[in-house]
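Below, each chain spelled out in residue letters.
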Amino acid sequence: MTADRARIALVAGPDPGHCFPVIAVAVALQDAGHDVVVLSGGDRADDVTDAGVPFLTLPLEWPDERHADLGERLWEMPGRLAQPTADVLAPFRPDVVVVDTLTTSGAFAAELLGVPWVELIPHHLTDADPAIPPVGLGRQPSRNPLRRIENHRMFRLAAGALAAGEDHRARVRAGLGLEGSGRPALRLVASLPSLEHPRSRWPADTHLVGPLDHDPPWPVLEPPAGREPLVVVADSSASTVPWRLGAAVLDALRNTGVRVVVVTREDLEAWPTRCVVGWGPHGPLLDQADVAVTPGGAGVLGKAFLRGVPVVVIPIHGDQIESAARVVHAGAGLQVPTWRRSRGRLRRTVLRVLADERHREAAQRLQSEVRALGPTFAADLVAAVAAGERPVARGPQRRGG
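Q: Please set out the overall build of the chain residue by residue, giving values where relevant.
A: Across its full length, the chain holds 12 helices and 13 strands. Scaling as 2.2 N^0.38, a compact globule of 401 residues should have a C-alpha radius of gyration of about 21 Å, and the chain matches this with 21 Å. Reported as C-alpha extents along the three principal axes, the dimensions of the chain are approximately 60 × 55 × 45 Å. Across the 401 residues in the chain, those meeting the buried criterion constitute 52%. With the model as given, the accessible surface of the chain reaches about 17,900 Å², and the carbon-plus-sulfur share is 51%.

Q: A description of the pattern of salt bridges should follow, citing residues and the corresponding values.
A: Throughout the structure, instances matching the rule amount to 20 salt bridges. Residues Arg326 and Glu196 are paired through a salt bridge, measuring 3.3 Å at the closest nitrogen-oxygen approach. Placement of Arg326 in helix α9 (residues 319–330) and of Glu196 in the loop between β6 (186–189) and β7 (206–208) is noted, with a sequence separation of 130 residues between them. Residue Arg326 is classed as buried on the basis of its relative accessible area, which comes to 2%. For Lys303, the salt bridge goes to Asp213, with nearest N and O atoms at 2.6 Å. With Lys303 in helix α8 (residues 298–306) and Asp213 in the loop between β7 and β8 (230–234), this residue pair connects regions lying 90 residues apart in the sequence. Overall, Lys303 belongs to the buried group, its relative accessible area being 7%.

Q: I'd love a proper account of the packing of aromatic side chains, names of residues and values included.
A: Using the criterion set out here, one finds two aromatic pairs in the structure. Centroid distance Trp218 to Trp279: 5.6 Å. Interplanar angle 40°. Geometry classified as tilted. Remark: Trp279 occurs in the loop between β10 (275–278) and α7 (283–286) and Trp218 occurs in the loop between β7 and β8; sequence separation between them is 61 residues. Ring-pair connections join several aromatic residues into one group, and the members of that group are Phe20, Trp218 and Trp279. The side chain of Arg7 reaches across the aromatic face of Phe92, ending 4.5 Å from its centre.

Q: Could you give an account of the sheet that holds strand β13 (residues 333–335), naming the residues involved and the relevant values?
A: Ordered by their spatial adjacency, six strands build an open sheet running β10-β9-β8-β11-β12-β13, and the pairing between neighbours is parallel. Looking at which strands have only one partner, the edges of the open sheet turn out to be β10 and β13. For this sheet the average axis-to-axis angle between neighbouring strands, irrespective of direction, equals 15°. The pairing of strand β11 (residues 291–294) with strand β12 (residues 311–313) spans three bridges and is classified as parallel.

Q: Describe unusual backbone geometry, with residues and values.
A: Look at Arg93: it is not a glycine, yet its phi comes out positive at around 55°. Here Arg93 lies in the loop between α3 (70–89) and β4 (96–100). Its relative accessible area of 55% is what places Arg93 among the exposed residues. For Thr273, which is not glycine, the phi torsion reads 70° and is therefore positive. Exposure remark for Thr273: the relative accessible area of 71% places this residue in the exposed category.

Q: Requested: an account of the pairing of strand β5 (residues 117–121), with residues and values cited.
A: Of all five residues making up β5, five are buried, and the element is well covered by its neighbours. Side-chain alternation along β5 places Trp117, Glu119 and Ile121 on one buried face and Val118 and Leu120 on a second face that is also buried. Taken together, the four bridges between β4 and β5 define a ladder with parallel strand orientation. Considered in β5, the bridge of Val99 is made with Glu119. Handedness of the crossover is the feature at issue here: the chain leaves β4, passes through helix α4 (residues 104–113), returns alongside β5, and the resulting connection is right-handed. As judged from the four bridges shared by β5 and β6, these two strands associate in the parallel manner. Each residue of the ladder has a partner; that of Val118, found in β6, is Leu186. Each parallel crossover has a hand, and for β5 linked through helix α5 (residues 145–175) to β6 it is right-handed.

Q: Can you explain the pairing of β4? Please cite residues and give values.
A: Taking burial as the measure, the five residues of β4 include five buried ones, the bulk of the element. Sheet topology places strand β1 (residues 7–11) next to β4; four bridges connect them, and they run parallel. When the sheet's bridge partners are listed, Ile8 is paired in β4 with Val96.

So, how was this worked out
Residues numbered from 1 in each chain as written. Predicted model: local features only at pLDDT ≥ 70, side-chain atom pairs only at ≥ 80, totals over all residues. Heavy atoms only, no water. Helix = DSSP H or I, 4+ residues; strand = E, 2+ residues; numbered from the N terminus. Rg over C-alpha atoms; globule rule 2.2 N^0.38 Å. Buried < 20%, exposed > 50% of the residue type's maximum accessible area, 1.4 Å probe, protein only. Areas by Shrake-Rupley, 256 points an atom, 1.4 Å probe, with all protein chains shown as cover. Salt bridge = Lys/Arg side-chain N within 4 Å of Asp/Glu carboxyl O. Phe/Tyr/Trp six-rings, centres within 6.5 Å; stacked < 30°, edge-to-face > 60°. Lys NZ or Arg CZ within 6 Å of the ring centre and 35° of its normal. Pairing = 2+ DSSP bridges. Axes fitted to C-alpha atoms, helices over the stretch in contact; angles between N-to-C directions. Right-handed = clockwise from strand over helix to strand, strands pointing away.

Right, dumping it as structure tokens:
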């Protein structure tokens, strides 16, 4: 093997929002001449091989009552799966392993094999920092002294919980016979500079790589004919969400004079002539969209901003709540909080984003930040780790105006 050709394994769970960014990086690595393989859930096999990348089945566990505990999901279960995952990886003899942030078994497996690993975070950076609002609550930066005092109090409370989590992680690693810090060689954050709040210190091992866009070669949905504004509704693809938004948005936009495409696996009744409902890749639709409506998954947000399309975010849970607040802060769209969701509010919010050109201008500023980022940039960083390098991150570099 030459010094510039590496064997790189990429590991992600089966949810599209976590697996598809990994596929995007795998394709870029393969295009650069590296030998790659993707490990994921068996139901992602066709999506990986359709992209021209070899596939291996990732050992998984069926959810049970134990998984209600966060420590079980984050550390104990990955600890049990670490050796089976290492056994799958070992015949490939990877030089480096790229691991989705939720698939900790891949990180443990890389350590068991004695190879470096790179963490791929498919959304904003979640590290706590005293200079920014508590990550995950969807709070905006504030100059209000009382709010800032409250933010600092929550930062101190979170520090205790994070320390307890690190202790739990250390116990699991010790049980696997692992030594050292267990930190990745690098972290890749699939976010944009303007969606990251200014921090007191940007981690030197953490690189912003922008949206990692990948669309499987599924049949493309054709939007309704006409010149009216096109609204693309991207329903959640996550396996754990308690509800879908397609039906609610479809009902809210009836008789508003817009064309609508709802990308969903739900069986919904479409309106005559001005609406299409079905399943297909988001990219070709967003190429034509005037606004996107989404729960705020990083994949769809990235696809929208790659194309300069403003968004309406209706967050359901998890990172979506934080993503929605950051989109609003950047001016690239509006959000409708789940607990305030109503037919009238949904309708008014979508129509406001369509009518206010400032949201599209902000989305286009985000688009301008993507130019030097993306899967190829991420692949170059992974290849550098395989070559024994550790590139130093400069932090968010904002572009556009």
